[in-house]
Amino acid sequence: MNAPDEDLEGAFDRAFAGLEQARENHGPKLTPREIGTITALSTGIASVSGLPGIGFEELIRFPGDMFGIAFNVDEDEIGVVLLGDYAHLRAGDEVERTGRVMDVAVGDGLLGRVIDPLGLPLDGHGAVDAGERLPIERPAAHIMDRAAVTVPLQTGLKVIDALIPIGRGQRELILGDRQTGKTAIAIDAILNQRGKDVVCVYCAIGQRASSVAKVVAVLRDQGAMDRTVVVVTEGNEAPGLAYIAPYAATSIAEHFMEAGRDVLIVYDDLTQHARAYRELSLLLRRPPGREAFPGDIFYVHSRLLERSTRLRKELGGGSLTALPIIETEAQNMSAYIPTNLISITDGQLVLSPTLFELGVLPAIDVGKSVSRVGGKAQRAAYRAVAGDLKLAYAQFEELETFARFGARLDDGTRKSLEHGRRIRACLNQAESDPVPVPAQITILLALAAGLFDAVPMDRIADAEGALRAVATRIPVEVCEHLDTADTLSEEDRTTILDMARHALASFLPATDRGGAPHPDPGHREARKGGNP
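Residues numbered from 1 in each chain as written. Predicted model: local features only at pLDDT ≥ 70, side-chain atom pairs only at ≥ 80, totals over all residues. Heavy atoms only, no water.

*Asks:* Kindly report on helix H13 (residues 460–471), identifying the contributing residues and their values.
*Replies:* When the terminal C-alpha atoms of H13 are compared, their 16 Å separation across twelve residues agrees well with the 16 Å that a helix rising 1.5 Å per residue should span. Within the sequence span of H13, burial applies to Ile460, Ala463, Glu464, Leu467, Val470 and Ala471. One side of H13 carries all its buried residues, which in axial view fall inside an arc of 120°. On its buried face, H13 is in contact with helix H2 (158–163), helix H11 (411–427), helix H12 (437–448) and helix H15 (490–504). (Helix = DSSP H or I, 4+ residues; strand = E, 2+ residues; numbered from the N terminus. Expected span 1.5 Å × (residues − 1). Buried < 20%, exposed > 50% of the residue type's maximum accessible area, 1.4 Å probe, protein only. Arc of directions from axis to C-beta. Contact = heavy atoms within 4.5 Å.)

*Asks:* Break down the sheet that holds strand S1 (residues 35–42) for me, citing the residues and quoting the values.
*Replies:* Taken in spatial order, the six strands line up as S1-S2-S5-S4-S3-S6 and close into a barrel, and their pairing is antiparallel. Averaged over all pairs of adjacent strands, the angle between their axes in this sheet comes to 45°, without regard to strand direction. Of the pairings in the sheet, the one linking S1 to strand S2 (residues 45–49) comprises five bridges and is antiparallel in character. Bridged to leucine 41 within S2 is alanine 46. (Pairing = 2+ DSSP bridges. Axes fitted to C-alpha atoms, helices over the stretch in contact; angles between N-to-C directions.)

*Asks:* Quick one: what's the story with the side chain of glutamate 400, residue by residue and with numbers?
*Replies:* Assignment of secondary structure puts glutamate 400 in helix H10 (residues 380–403). A distance of 2.9 Å separates a polar atom in the side chain of glutamate 400 from a polar atom in the side chain of arginine 424. Setting aside anything within four residues of it in sequence, one finds glutamate 400 in contact with Leu417 and Arg424. (Polar contact = N/O pair within 3.5 Å; in protein donor to acceptor, adjacent residues only side chain to side chain.)

*Asks:* Describe in detail the state of the cysteines, supporting the description with residues and values.
*Replies:* Per the stated rule, a full pass over the model turns up zero disulfides. You can see cysteine 203 has no disulfide; the closest cysteine sulfur is in cysteine 200, sitting 14 Å from it. Its sulfur unpaired, cysteine 479 is 20 Å from the next cysteine sulfur, which belongs to cysteine 426. Using a relative accessible area of 21% as the deciding quantity, one classes cysteine 479 as partly exposed. (Disulfide = S-S within 2.5 Å.)

Have a look at this one:
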């Protein structure tokens, strides 16, 4: 054999030796996949078989890149909640396990965006820029990881900040009949967070597209959208999306809280969420309980709202304040869902249709509303006047009811009525018009001191506007005391009241400008023995 033949044979030997070594070193990597089959379809749910290893709440992939959540895990069949349009699905279609639970994109890239609970954009501004994802179902912070609620969350609404205060980390329920201004209160609270480094998340559950568009337009017009995330499910979408929406929104909010930031989240509204969960549960043949709701509806809402808290400083000191909204029917606060949520939350703002019809806005029933936490976080200046105002307002409401019977009233009763009417008029507030803290305290101190009592009722709104204008000229050191001091000093009180008296002087009747203030001319007629 000549030399070229030997070289060729050696080359083949080396090649085959390399192949043999590669074959010995190679081990095929098999990826197991569990494939199941759709056995039945219904409104928003599907029955699936053939996935023996499935876990509770595991995500399942359907044809067309649609997903569902394993809700009922039975021996032979799985009940799946569908998350999206399922019109293209048919019985017999194959489905696949994903091996993970439902999660959502989180991060600063969501600020200013409108998304659905799956994290898909709805505002036409391109893909969502988020580099991290969190499960929508997460355990609430441990008790030892929580801190006391000590910092107020100013809503900009005088009646709330003074009489029913909310603290950062609190859960304050907003409930009332339809069209009484529940969403308006929550949106005003979001608008008032401008310049306060508070991230806001607005979760619309089963709302009309026009209502959501109006809210987004208000947030954009008022410059609040750049620090707000809007999570939306419309009423005509799959009930599964409405069910996961508040959980997805809470995970988005928790990302900011765990980064040490303060967050305000609004659930609008949990009545629609409870109805979506009831629909899914009945379709999946879960046993119904009171009002046909499943027995675990309390747990569904409690595990959601327990995630709102304030963390210890060692964990960043962030907070998550929740404003859940629910709708009552004919002011029935003792219905199943309202009583559940009242017992879960730290207080409630009750809206009255009667007050709304009378034009008292926001239509908050001060007698039925309560804050079980926020008073500890309220600024000292508010605490100095809130107790007297609440008592005077409660007495006024009782006397007003009594006075409607046409009874003759003594001078003291008339003074209480006139004072109460001015309290109610000053607590009135237009929508999307939050009032800064110095202006609120100026108005409340003037009310408590009786400075409005001599102002005619038809000029109260103008007089309040004058106080808001003069509040911008309060000395800087006094404003700092209002934010930081443990008590309202007599010197600061005198400074503010002197400015308020000067501002209100032009609104007093000519005979009252030089003397002690007393109620309007109707009061003088009463002293002569006139009828009410």
